[in-house]
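Given next are the chains, with one letter for each unit.
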Amino acid sequence: MSDSVALQHVSPYAFEAMQKVDVVCLAALSDPELRLLLPCLVRMALCAPADQSHSWAQDKKLILRLLSGVEAVNSIVALLSVDFHALEQDARKEQLLRHKTGGGNGESVLVSQLQHGLTLEFEHSDPLRRLRLALSELLAIMNKVADSNGEFFLKSSELFESPVYLEEVADVLCILQAELPSLLPIVEVAEALLHVRNGDWFLCLLVANVPDSFNEVCRGLIKNGERQDEESVGGRRRTEALRQLCQMNPSQALNVRAMVVEACHLPGLGVALTLDYKLDTADDAVSPLVSFVSGLLLGTNSKVRTWFGLFIRNGQQRKRESSSVLWQMRRQLLLELVGILPRSRSTHVPNDSEGDVSAGTICSGLREEHVVKASALLRLYCALMGIAGLRPTDEEAEQLLQLMTSRPPATPAGVRFVSLSFCKLLAFPTLVSTPEQEQLMVMWLSWMIKEEEYFESAAGVSASFGEMLLLVAMYFHSNQLSAIIELVCSTLGMKIVIKPSSLSKMKTIFTQEIFTEQVVTAHAVRVAVTNNLSANITGFLPIHCIYQLLKSRAFTKYKVSIKDWIFRQLCETSVPLHTQLLPLIDVYINSILTPASKANPEATNQPITEQEILSVFQGLTGGDSSQVRCHYSITTQLLVLYYVLSYEESLLANTKALALMQKKPKSYSSTLMDQIPIKYLIRQAQGLQQELGGLHSALLRLLATNYPHLCMVEDWICEEEITGTLPLLRRMLLTSSTRKYSQKQLQEAFCTLPSSGPRLMQMLEYLTLLSASDLIPYAEALTSSMSLLLSNGVSRRVLQTVNKLWMVLNTVMPRRLWVMTVNALQPSTKLFRQQKYTQNDLMVDPLIVLRCDQRVYRCPPLMDITLHVLNGYLLASKAYLNAHLKETADFDRQSQTISSLGLAGQPDTPEVTREELKNALLAAQDSAAVQILLEICMPTSEEQQQGRSAESLLKGIRHATDEEPERGLLSDLREVQCLICSLLHQMFIADPNIAKLVHFQGYPQALLPLTVAGIPSIHICLDFIPELLAQPQLEKQIFAIQLLSHLCTQYALPKSLSVARLAISVMGTLLTVLTQAKRYSFFMPTLPCLGAFCQAFPPLYDDVIALLVQVGQVCASDVATQARDVDPIIARLQYLKERPVEAVAVMSSTPSLPDELHCTDPAVQLCYRIEATFMDIISSSLRGE
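Residues numbered from 1 in each chain as written. Predicted model: local features only at pLDDT ≥ 70, side-chain atom pairs only at ≥ 80, totals over all residues. Heavy atoms only, no water.

(A) The arrangement of the overall build of the chain in detail. A count of helical and extended segments in the chain gives 64 helices and 0 strands. A total of 1185 residues make up the chain; the buried ones form 51% of that total. The contacts of the chain with a sequence gap of at least 6 include a subset with a gap of at least 24, amounting to 74%. Only carbon and sulfur atoms are counted for the fraction: they give 54% of the accessible area of the chain, which is about 54,500 Å². (Helix = DSSP H or I, 4+ residues; strand = E, 2+ residues; numbered from the N terminus. Buried < 20%, exposed > 50% of the residue type's maximum accessible area, 1.4 Å probe, protein only. Contact = heavy atoms within 4.5 Å. Areas by Shrake-Rupley, 256 points an atom, 1.4 Å probe, with all protein chains shown as cover.)

As C-alpha cells, this is what we get:
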C-alpha cells in the first residue's frame, strides 16, 4: 500500500475538527486539506439540519462562506442532485443479475457497454453516470470479496488507480456511501477497499467524511482480519490501513489496540500501534512497549499468550527485515535496554550495520531511577525467551548480560532487580558463552555474596537475595535441580521450561568456585533471623535456607549448632503464620533424634532446653506468676508447644531405631509438661484458625494422640457453652465500675460459711462474669476451699455456682486444676498430714481420686467434679502407660536379645508379656473404678431407714388422697446415681470390654434395676450373657439370669428372646445336675426371674410353666424322701397348670397354712417359691388381659 504515500492525507487536526464540527478549526485548514473533506461539508450545508438552534445557523453560514471559494464544490453539488432511489433500484437489480450469472462480468444494469476505458468514461460522463460507474465497480469488488472465502486478492481497477481522478472518485465514493448506507454498509466498503490500490487512502477519506464510523470500521476490519498478520500480503495491507486510520485519529489508537487483543487478530498491528504512539513518559517510567508486551505474555489469559507467542515464533523464522514489525519491536527494546545501561558499560547506541556491541568491563552502578525499568525489561526478555521462544541475537545477549551483571543501589527495587538477574542467569545459562562472560558472572556473584548483608540493612527488607543464593547453593549440593527450577519460575513470576541438563555449568560454578557446602553451612548460621516473620513477608528468607540445610543434614555433618538460631526465629514470629515454620520444626526434630549416619550416632543437633521453653510460657501458668507480663507472642507459644508435643511423639515413634543404635535422647520432664498451659493455648489457637493455617489442626492431632484426657467430648461441649453468645452478653454487664474481689476476700468468705453465704454468693456471681483466662488467679482459692462446702447448711446455689466456675476453669487449666481439686477433697486425716499428690501420682493410680472425703459421695455438684477428674485421669493413665511401654520396651528387648544368646523366639516374649500386663493393669484399674462407683450408688443403712420411712409416709398419703406423690423422687443419692450411671454409660461405649469384665466380676443384685434403667449402653451385655451362663461358678450363673431378667423387661428385643430361651434351657439342665443344696441356692434367687421372662415375652409361658412343674416335681421327690406329705402342693401345681384362672381365684381366697409360712426345710421353701412364682406369672398375665 505504499502507492498512497505521496497523496495528501487527512491530518489528525482536520479529523478532530470534523469529529467535533469545529467550524473555526475547519476554516483554518489549508485548501488541500479542506478538499478531502468536501463531500461531508457540502452535504452538511445542503441538507436540512436536525439542529435548528441559532448557533448552528451561524456555523452553517461560516461553512457556506468557506465552501463558496472552492471550485470542486459544484461537482459535488451535482452529484447530490441525482435520483438516488432509482440508482439504488438499479444497483439491486444488478446485484440480483450478478448472483444469477454467478458473479460474471456480463451485462450491467447500472452501466451499458463501455465505448472506451473506465477512466475515459468517467472523465466524459455526467454526474449520474459517474455515480453508476463507481457503484458498479465497487459492487463487483464487494461481490468478489464475499465469494473469496477469506483468500486475499488484489483487484486491478483503472478507476481507483488513476492519480488524476483520485479526488473525484473519492468524492463519488463518499457520496454513494452516505446516500446509500443500506446498500453500501461502511464496514463492507472498507473491506472491499483493502483489495484495490490506494485503498488505505480511500478508506481514510471515507472515514474522515463519516467520523462517527471510526470505531465500527476498525472493529470490523480487525474482526475479519488474520490471526497472524505478518504471514500474508492481505494481513500486512490490513495492518497498514488500520495504522493509517489510527494516524488520522491517534486518540483512539489504544482502543484499537485493545480490540486487537480482544479478538486475538493482527498481533503485528498491536505492536505497531504501540511503536507509533509513544506517550510522554518520564525517563524512569516503564515504556508502553514493555508494558504492552509484558501484559500479553505474563497475563492470565492463556489464549492471548499463545496467540502472541506464535507471532514471535513465526516472525523470527523469516529473514531479518527492517519493515517487519517484530524486528522493529526488538530494535526498540534493545535501544531501551542500552539506554539504561551504566555509561561505562555501553558507550554508544548500536545501529543495524554494526554487529555485536563490545562492552566495557568496568563495574559500574545502575542509576536508581532506572532500576524499576531494568527489572521490567528483564522480566519481559524472560517472557519472550521462555514463553514465546525468542532466540536472542549476539547483540541482544551481550547487552542483556551487561544489564544483569550491573550493580543497582541498595533499595528494595535494587534487591528485586538482583534477584531477577540471578534467576535469569539460571533460567538462560546460554547467555554466558565465552570465558570472559563467565568470569564477569563469577565476579558479579561474588559481589552479591559480599554486599548481601549491606543491601538487606540499607534497603530495609527482610527477604534479600542472599537467602536465594544460599538456597540455590544448597539445592545444587543436594542435586535438587527441580527445586531450583521451581524457585526460578516463582521468582520470575512465570512458568517457563528449563531443562535440568542446562544447569550443569552453573552447578559446577556454584559448588566448586563460589559456595562449597561448608561455606554454605557456616554462612547460614550467621544470617540474622527474620523479625516478625509472618506469611505477609514473601520471597526467599533465611528460614528457607536453614530448612534445606537441616534437611540435607549439613549442620550435623560439619558440627555447626543451629539450635539457638531456630529458637530465636520461633520467638520472632507473628500471625498470619508463615508456611515454612511447621516443616522447619519437623525437620529440626528429625535432625535431633535421627543421626545423619549409623556410623556416627552422635551426629545430631541439640534440642531446645527446658529453661528456654519455660521462658516462653512465663506468665501464663496463673497464680502469682500471672502478674508477669508475657513478652512472647501467641504464635511463638503455639509453635514451641507444637515443637514439644511433636518432639515427644517422634521420640516415642523412633524408640526402636534409637535403641538399636545405642542412643537414647533425653525426654522433656513431666515437670516441664505440667507447667505448660496446653489447654489454654489450644483454646487461643481455636480463635486464630484462619491466621494459623494448619497449626491448630496439627496441635489437635498431637493432643488427641498424647493427651487424650485433654480432648474429652464433654469438655468441648462445655467449652462451646462457655464461649457462646449468652456468656458473652453476660460479660458485657461487667463494667469498669463493677466491684472487684481479691483471692483473699474469697477465701475469707469460704472460711466463714454458712453465715457468709449471701456475701459468698455475690462474689461467685461476679466471678461467673469473668472470662476463663481472667478466672485463673482465683483457681487456688476456689479449689482449696472445696472441703468447706461439705459442711451442713451450705446452700445448693453456692455448690452449683462453684461447679460452674470449676467447669469454666477446666477449659483453660485442666491438669493443674485436677491436682488441686483432688488434694483439696482429701479426707481430713490426710489433710492433717499434709499429703499432697502430684500429677504423676494421679496418672499412675487414678483411683486416688475416689479416696476423697466420704461426704463428697452425697454432694452432687462436687461429685460431678470428682467424676470428671476421675474420667480424665483414667484416660491419662492409659496414655501414660502406653508411653512408658514404648520408652522402655525396646531397650528391655535389646537387653533380652543380648542375654538370650541368639535363641529363636526369645526377643518377642518380653514384649508380648509387657503388653498383656499393661492391658491387664488398665482393665483392673477401670473395673475397680466402676466397682467403687457402683458401691457408692448403694444406699447406706441410714438412707435405707429414711427410704422406708418415706415410703410408708408416701403410702399413707396415697391412701388418703388417692393421688400420686409429687415429691420424694429426687434426692442427693438419686442425683449421684444418675451422674455415676452417665459416666458408666460413656465408659461402656468407649470400651465394651469394661462392661464385660465388670459383669463377669458381678455386683450386688440390688443395683441391677438401677444399672439397667440408668445405663443405656448396658444392652451390650446381651452379647456375652451366654458366655456368662457357661461359667462353672454358680454365683455368675445366678447373676447372669438376674441381669437377663431386667434386660428383657427393659429391652424386649428378638435377641433378648433368644437369650431368655437359652437361660430357661440352662436352668432346666442345671436342675438335673445340681445337688439338693446347690439346687436350693440356685433356684431360690432365679425363679422370680421367670416371671420377668413371661412378662416381656408371652411365648415363653409354656416353657416357663413346664420348667416350674419340673422343678416342683424334683423338689416334691426330695421332700417325699423325708416322709413329708407334699401332695397338697403337687395337687395345687397341677391345678394351676391345668386351670390357671380358677386356681388363682380359689387360692387367693384360701389363706396359707401356718406351717407353710414358717417351714425351715429348704426343699419345702423352694416348693413354696415355685408356687409363688406360678401365682405371679398367672396374675401378671391376667392383669395384662
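Now that the structure has been shown, the text picks up again.
(B) Looking closely at the packing of helix α12 (residues 186-193) against helix α13 (residues 199-209). In the contact formed by α12 and α13, the axes pass within 8 Å of each other and the chain directions differ by 160°. Viewed along their axes, α12 and α13 adopt a mutual orientation that is roughly antiparallel. In contact with Ile186, Val189, Ala190 and Leu193 of α12, α13 contributes Gly199, Phe202, Leu203 and Leu206. Among the residues forming the contact of α12 with α13, the class breakdown is 7 nonpolar, 1 polar and no charged. (Axes fitted to C-alpha atoms, helices over the stretch in contact; angles between N-to-C directions. Parallel < 35°, antiparallel > 145°, perpendicular 65-115°, else oblique. Nonpolar A, V, L, I, M, F, W, Y, C, P; charged D, E, K, R; others polar.)

(C) Broad picture of the pattern of salt bridges. Enumeration according to the criterion identifies 26 salt bridges in this entry. We note a salt bridge from Arg219 to Glu262, for which the minimum N-O separation is 3.9 Å. Linking Arg219 in helix α14 (residues 214-223) with Glu262 in helix α16 (residues 253-263), this pair joins segments that are 43 residues apart in sequence. Look at Arg219 and you get partly exposed, because its relative accessible area is 45%. Assessed through its relative accessible area of 62%, Glu262 is described here as exposed. Glu369 is the partner of Arg367 in a salt bridge, and the nearest nitrogen-oxygen pair spans 2.2 Å. (Salt bridge = Lys/Arg side-chain N within 4 Å of Asp/Glu carboxyl O.)

(D) Expanded view of helix α31 (residues 563-571). Burial of α31 is extensive: 7 of the 9 residues sit out of reach of the surface. Listing the buried residues of α31 in full gives Lys563, Trp565, Ile566, Phe567, Gln569, Leu570 and Cys571. Against the buried residues of α31 lie α28 (517-526), α29 (542-551), α32 (581-593), α33 (610-616) and α34 (634-653).

(E) How the structure looks around the nonpolar core. Among the nonpolar cores identified, the biggest contains 382 residues, and Leu245 and Tyr643 are the most heavily contacted of them. At 11 residues, the largest contribution of residues to this core is made by helix α21 (residues 371-386). If we ignore the near neighbours within four places in the chain, the residues touching Tyr643 are Ile585, Tyr588, Ile589, Ile592, Pro607, Ile608, Ile613 and Tyr668. (Core = buried A, V, L, I, M, F, W, Y, C linked by side-chain atoms within 4.5 Å.)

(F) View of the side chain of Thr1173. Among the structural elements, Thr1173 can be located in helix α64 (residues 1162-1184). Under the relative-accessibility criterion, Thr1173 is labelled buried at 3%. In terms of polar contacts, Thr1173 uses its side chain to reach the backbone carbonyl oxygen of Arg1169, at 2.8 Å. The residues contacting Thr1173, other than those within four sequence positions of it, are Leu1087, Pro1088, Leu1090 and Leu1108. (Polar contact = N/O pair within 3.5 Å; in protein donor to acceptor, adjacent residues only side chain to side chain.)

(G) Here's a closer look at the confidence of the model for the chain. Looking at the chain as a whole, the pLDDT averages 80, with 82% of positions reaching at least 70. Segment residues 897-909: pLDDT under 50, and 4 contacts once partners within four positions in sequence are set aside and those in other chains are kept. In this model, residues 1146-1158 is a region of pLDDT below 50 whose contacts with residues beyond four sequence positions or in other chains number 8 contacts. (pLDDT = per-residue confidence, 0-100.)

(H) The packing of aromatic side chains, seen in detail. Within the structure shown, the criterion is met by 13 aromatic pairs. Measuring from ring centre to ring centre gives 5.9 Å for Tyr643 and Tyr647, while their planes differ by 35°; the resulting arrangement is tilted. Taken together, the residues span about one helical turn, with Tyr643 and Tyr647 both in helix α34 at a distance of 4 residues. Aromatic rings pair up to connect Tyr588, Tyr643, Tyr647 and Tyr668 into one cluster. (Phe/Tyr/Trp six-rings, centres within 6.5 Å; stacked < 30°, edge-to-face > 60°.)

(I) Quick look at a nonpolar patch on the surface. A grouping of Phe152, Leu154 and Val233 is seen on the molecular surface, where their side chains present a nonpolar patch of about 240 Å² in accessible area. The residue Phe152 is located in the loop between α9 (127-146) and α10 (158-161) in this model. Residue classification places Phe152 among the partly exposed residues on the basis of a relative accessible area of 32%. (Patch = residues over 30% accessible without salt bridge, like charges linked within 9 Å, V, L, I, M, F, W, Y side chains within 5 Å.)

(J) Representation of the environment of Cys937 in the model. Note on placement: Cys937 falls in helix α51 (residues 908-937). Residue Cys937 is classed as buried on the basis of its relative accessible area, which comes to 1%. Along the sequence, Cys937 and Leu1010 sit 73 residues apart, while their C-alpha atoms lie 8.8 Å from each other. Apart from residues no more than four positions distant in its own chain, Cys937 is found in contact with Leu973, Gln977, Ile980, Leu1007 and Leu1010.

(K) Region of the structure containing the packing of helix α19 (residues 302-315) against helix α20 (residues 325-340). Between α19 and α20, whose axes approach to 9 Å, the crossing angle comes to 95°. Our classification of the angle between α19 and α20 gives roughly perpendicular. Two secondary-structure elements touch here, α19 through Phe308, Phe311, Ile312 and Gly315 and α20 through Leu326, Trp327 and Met329. Partitioned by chemical class, the residues of the contact of α19 with α20 number 6 nonpolar, 1 polar and no charged.

(L) Structural context of the environment of His9. Among the structural elements, His9 can be located in the segment before α1 (12-20). By relative accessible area, His9 is classed as partly exposed at 24%. Linking His9 and Glu33, residues 24 residues apart in sequence, is a C-alpha distance of 7.6 Å.

(M) The arrangement of unusual backbone geometry in detail. Cis geometry is found at the peptide bond from Val575 to Pro576, where omega equals -5°. The phi dihedral of Val21 falls on the positive side, at around 50°, and the residue is not glycine. Residue placement: Val21 occurs in the loop between α1 and α2 (23-27). Take Val21: its relative accessible area is 33%, and that puts it in the partly exposed class.

(N) Region of interest: the side chain of Arg257. With respect to the secondary-structure elements, Arg257 resides in helix α16. Comment: no salt bridge for buried Arg257; closest opposite-charge side chain is Asp276, at 11 Å. Once residues lying within four places of it in the same chain are set aside, the contact partners of Arg257 are Gly270, Leu273, Thr274 and Phe292. (Lys, Arg positive; Asp, Glu negative; His and termini not counted.)

(O) View of the state of the cysteines. All chains considered together, the criterion is met by 0 disulfides. The structure places no disulfide on Cys204, whose sulfur is separated from the nearest cysteine sulfur, that of Cys218, by 9.4 Å. (Disulfide = S-S within 2.5 Å.)

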